[in-house]
Structure formats: C-alpha cells, structure tokens
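Reading the structure
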Amino acid sequence: MYDVVLLTLGSERDAPGGCGSGGACCGGAADTDTDTTSQAETDTGTTSQAETDTGTTSQAGGDSGHCATERPRVPVLACADALTERGARVETVTARSDAEIDAVLARLDGPARPDGLTWPDPDGKTRLVVATASDGQLRAVLRRLVRRYAPAPSRRPADLPGNRTLPDLPPVAVLPLDPARAGNQRDLAAQLGLPRDPAAVAGAVLDGTPRRLDLLRNDAGSVTLDGALLGAADDAGRPLQWRARVEVDDTILTDGDEPLLACAVANAGGYAALDDVTLLTAPDPADGQVEVAVAVPVVVRSALGRKRVRLEVRRARGRAVSVLPREGKVPYLDDGVEGELTRKRSWWVEPGAWAVWSS
C-alpha cells in the first residue's frame, strides 16, 4: 500500500512573500526572488518582490506578523480519513516555507544516479496530495519540484528527452479547498475536470492514473500551470493601454509600436476571455504548445466617415513566447498571482512535464 502525504501550504495573509518565494509562507517579509531552476547553476534573471509566487490565502485569527497555528481544514481531514480507510499510511503536513515544501518533495526522490543528479522515482510508493485554496499554491509546489529535479544545462543527462529541460515530474493529486467557481475564472482543477470531493480525490490517488500535462517555464525561474494575463484597468474598469513587443516562435503579434489592451499567454483556459471578448479559442494543456493572444484597439471609419474603435484579437501558437514591455510597468496575473513586468519575459513549453492523478 502507499504512503500518502497531504500537503497544505500554511499562510496567514494573502500578501507578497508567501510560499514559493523567499522562504516565507506567512505573508511576512521575504527576500527578492533569486531562486533558480537548476541543481548546480544559477540564472542571471531574478524577479522583483511583486513577481514572486505568493499563492497564499487568508486564515482566521492571528496578526500579520506571526504564523497562526493552523488546523487542517475539513476537506483535508475527510480525504485523510478516506485514504486511511483504504489502508494507506497518511501524513498531513502544513508547510510554511520553501524548505518545508522541499522536505516533503524529497520523499519522491529516486535511487542515487551515477551522474549524481537528484531524480524522481518512477516506481515510488509515496504519493502526494496538494490541498490548494488557489492555483498559485499549486504552482508554488510545482515550482519547487522543478527546482529540485531540473538539471543544470552543463549536466544535462543523455536520457532527458530532446524537447525537455527536466524529467517527468512525479504526479500530484489536487484537493481543492474551496467550491468550484462558475463563469470564466474557473480554477485549474475545474478546467481539468478533476474530482473535488475528498473521497473522490482519495480514490484518484489510490486507483487513478497519471494524466500528463504541459508546463510553462519562464526565464525568471518560475512556472505557469494555467496562464498569464497582462494588462490593467482603471478604477472604472476600463482597460488601460500599454505597449510591448510580443513574439511567438517566429511570429510577431505586435512590434511594440501600437497600443495593447491585453495579452494572454495560455497553457489552459483560465484567461480565455476578457469580459465579453474571446482572447483564446482552444487552449489545450496537453498539446505541447502555448497559445498567445493580444487585444489591439483599431480605429476604423464607417461609410459616413465616423470613427469608431474596433478590438482586434491576434493569435498564435508555438513552443515559446516573449513579451518585451516598451514603457513602464505592465501589471499581470500569472496563475492568479499578481505581479508587474518591467523587462522581457519569456515562457516556453515543457511537453508533458507534470502530471495529476485522475480517476
């Protein structure tokens, strides 16, 4: 039978400096994110405090300066009971720092390799359930998995697929802690059709099969599971214009000389629509491609010579995308986590790199 770890990210405030950045999971102060994604080498790119993986949620009680003593939420306890009834050995862990997340992930390591790389165990008997109150929390765990298992370019092993920079990450089960939301802003579990009932999640862990999905990595050392939406609105909800050069493989969607209202970088469909405008047509988290769209306001004249603004949506699909802001800071949401883009950011697809337990 399996050992199952039920992992919850402990947090007190939905604030910068949470799990996945700087080692602080309580909404306290965190260092600028200099986390890298290789085992032996570092990137030159770092991210600002606003660009770190927070993915935290509010908890009742306590003050903003100290971690609250958190008890597992009801879905976690129910899932643990269901797993125990099936004979699994269950441990519940609340991680309040990257180091505590890493200690859980170390249980997924495989045997020592001749090349000295830390590698996941494809036949491991430990299974991981991540209890998430947001997609940002799930992303924080996946980011640490990438950090753990992605080899440095100089240590790339011969058994790594040519279209990947990291091995198949161990499957994780997702236990959503909040009800499914209706409308366009559905969480990733809802988009993927994953079970939300704790007993059904337990069944997927013990009886299900891994469903492999694409992962977006970026040159700031983080990952994207669902997608990113770049742009902002004023206090009245009107989109603000900004400029950036957006490229998808060899296709230039905009060269940065014209105004934009939004840009969506999609692995899945969380940002497929903006108000009543369809940005993305068919994002597929398992097709090995990233879908990108930009919304460009275009002035046109009617037959009577009157001017009106038409929103033109341009789309492209490919393996990689880059966004280079032309001026100022560009606000964005990435898997629901807020940030500001001040320099070029590139995302690329790692086909089938991560997996969820699916019934």
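I will try to describe carefully the structure that is included in this document. (Residues numbered from 1 in each chain as written. Predicted model: local features only at pLDDT ≥ 70, side-chain atom pairs only at ≥ 80, totals over all residues. Heavy atoms only, no water.)

Now for the nonpolar core. Among the nonpolar cores identified, the biggest contains 35 residues, and Leu128, Leu138, Leu142, Leu169, Leu215 and Trp354 are the most heavily contacted of them. For this core, the element with the most residues is helix H3 (residues 135–149), which contributes 7 residues. Other than its neighbours up to four places away in sequence, Leu142 contacts Leu169, Val172, Val223, Leu225 and Trp354. (Core = buried A, V, L, I, M, F, W, Y, C linked by side-chain atoms within 4.5 Å. Buried < 20%, exposed > 50% of the residue type's maximum accessible area, 1.4 Å probe, protein only. Helix = DSSP H or I, 4+ residues; strand = E, 2+ residues; numbered from the N terminus. Contact = heavy atoms within 4.5 Å.)

Per the counting criterion, the structure on display carries 23 salt bridges. For the salt bridge of Arg107 with Glu91, the shortest nitrogen-to-oxygen distance reads 2.6 Å. Taken as a pair, Arg107 in the loop between helix H2 (98–105) and strand S3 (126–132) and Glu91 in strand S2 (residues 89–95) lie far apart in primary sequence, 16 residues in all. By relative accessible area, which is 38% here, Arg107 ends up partly exposed. Between Arg317 and Asp287 there is a salt bridge; the shortest N-O distance is 2.1 Å. Pair noted here: Arg317 is in strand S14 (residues 307–318) and Asp287 is in the loop between strand S12 (277–278) and strand S13 (290–301), with a separation of 30 residues, a long-range link. Look at Arg317 and you get partly exposed, because its relative accessible area is 35%. Taken together, the salt bridges that share partners define one network made up of Glu258, Arg310, Glu312 and Arg314. (Salt bridge = Lys/Arg side-chain N within 4 Å of Asp/Glu carboxyl O.)

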